[in-house]
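# Working through the structure, step by step
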Amino acid sequence: MSESTNESNTNTQSNGSSNTPEKSSKKSVRWVGAPKLGIMDALYLPAIAAGVGTTIRRIFEKNETREYPEVEPDIPPNYRGVHRLNRDSKGRVKCVACFLCQTACPANCITIHAAPAPKDDPNWADRDKFPASFEIDELRCIYCGMCEQACPVDAIELTSIYDLTGLTREEMIYDKEKLLEVFDQTSQTGKDPVRTKSGVLGPASEILVDQSKPAKS
Ligand code: SF4
Ligand code: SF4
């Protein structure tokens, strides 16, 4: 539709008697048609010359290509990657099944089923509950870090793992065992030390501050 036709449509609407929200919102719509091409534009020669010029210019510029995966990217300390469920000093899952992370999650991708802690096991005497199952849909997650912030016992954390892949959607739903495995692997390599402390946000949740600049008073 051409611009002039649409402008006349808009004028017709603006002269109409109805002021319904639907009509008035249509007044702000301005359709733009395809530009008319001149003879040079129709031959595409200027565009081709510009493209070739850009290519030649780039040949002589410094190469910024990273040879991934041989050269891994520098991950900033506040990067939010794959989750993990931390273990406590007894090796148990640290999570106490309080549901705060599930409640805080804006993407609704955490599903927890709580169970009473085994009464006859002295190892669990200090716990009322534990997560019988704990799942995170890593495809649905938006990696906002709110689960990490909400957790009162530093049980759930985001790690620096960014190369997350899977062949099926089911593979991308991380269950409790898989989340604990991520903890075991990342804490063993020392890549992701436990970084949350009750009441203090972890680096993944902090806003980076440029230390070279003086703090504002
Ligand atoms: S990072 Fe955000 S979206 Fe992902 S599980 Fe945690 S709270 Fe939900
Ligand atoms: S907020 Fe922490 S303790 Fe509570 S359910 Fe989530 S991971 Fe478990």
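Reference entry: report on the structure contained in this document. Since the structure is predicted, the reported quantities are computational estimates derived from the model, not experimental observations. (Residues numbered from 1 in each chain as written. Chains lettered and ligands numbered in written order. Predicted model: local features only at pLDDT ≥ 70, side-chain atom pairs only at ≥ 80, totals over all residues.)

### Structural notes on unusual backbone geometry
Glycine aside, residues mostly have negative phi angles, and peptide bonds mostly take the trans form. What counts is decided by this rule: Elements are defined by DSSP. Helices are runs of H or I of four residues or more, strands are runs of E of two residues or more, and each kind is numbered from the N terminus. Whether a residue is buried, exposed or partly exposed follows from its count of other C-beta atoms within 10 Å of its own C-beta, namely 20 or more, 12 or fewer, or something in between, respectively; the C-beta atoms are built from the backbone.
The omega torsion across Tyr 68 and Pro 69 is 10°, close enough to zero to call that bond cis. The residue Pro 69 is located in the loop between helix H4 (45-59) and strand S1 (83-85) in this model. Phi angles above zero are rare outside glycine, and Tyr 44 is one such case at about 65°. For Tyr 44, the location among the structural elements is in the loop between helix H3 (39-43) and H4. Overall, Tyr 44 belongs to the exposed group, with 11 C-beta atoms counted inside 10 Å.

### Topic: the pairing of strand S3 (residues 129-137)
Strand residues, when the strand is regular, have side chains that alternate between the two faces of the sheet. Quick note on the threshold: Between any two strands, pairing holds if DSSP finds at least two bridges.
Both strand S2 (residues 110-116) and S3 contribute to a ladder of seven bridges, which runs antiparallel. Each residue of the ladder has a partner; that of Thr 111, found in S3, is Glu 135. Examined bridge by bridge, S3 and strand S5 (residues 173-174) share two bridges and lie antiparallel to one another. Paired with Ile 136 across the strands is Tyr 174, a residue of S5.

### Considering helix H7 (residues 176-189)
Note: α-helices contain 3.6 residues per turn, so residues at a spacing of three or four share the same orientation. Rule in force here: Each helix should span, by expectation, one fewer than its residue count multiplied by 1.5 Å. Whether two residues are in contact depends on their C-beta atoms, placed from the backbone: they are in contact if these lie within 7 Å.
Over its 14 residues, H7 runs 20 Å from end to end, which matches the ideal 20 Å to within 8%, given 1.5 Å per residue. In this structure, the buried side of H7 is in contact with S1, S3 and S5. Positioned one or two residues after H7, Gly 190 has a phi angle of 75°, which is positive.

### Structural notes on the sheet that holds S3
We apply this condition: All axes are obtained by fitting lines to C-alpha atoms, using only the stretch in contact for helices, and the reported angles, taken between N-to-C directions, cover 0 to 180 degrees.
Strand order in the open sheet made by the three strands is S2-S3-S5, with antiparallel pairing throughout. The open sheet has two edge strands with one neighbour each: S2 and S5. Contacts from H7 reach S3 and S5 within the one sheet, and its direction differs from that of S3 by about 85°.

### Overview of the nonpolar core
Quick reminder of the rule: Think of a nonpolar core as buried Ala, Val, Leu, Ile, Met, Phe, Trp, Tyr and Cys residues, each tied to the set through C-beta atoms within 7 Å.
If you look at the biggest cluster of nonpolar residues, it comprises 21 residues, and the most contacted ones within it are Leu 85, Cys 95, Cys 101, Ile 110, Cys 147, Ile 156 and Leu 179. Broken down by secondary-structure element, the contributors of at least two residues to this core are S2, S3 and H7. Per element, the largest residue contribution to this core is four residues, and it comes from H7. In this view, Cys 101 contacts Ile 110, Cys 147, Ala 150, Cys 151 and Ile 156; residues no more than four positions away in its chain are not counted.

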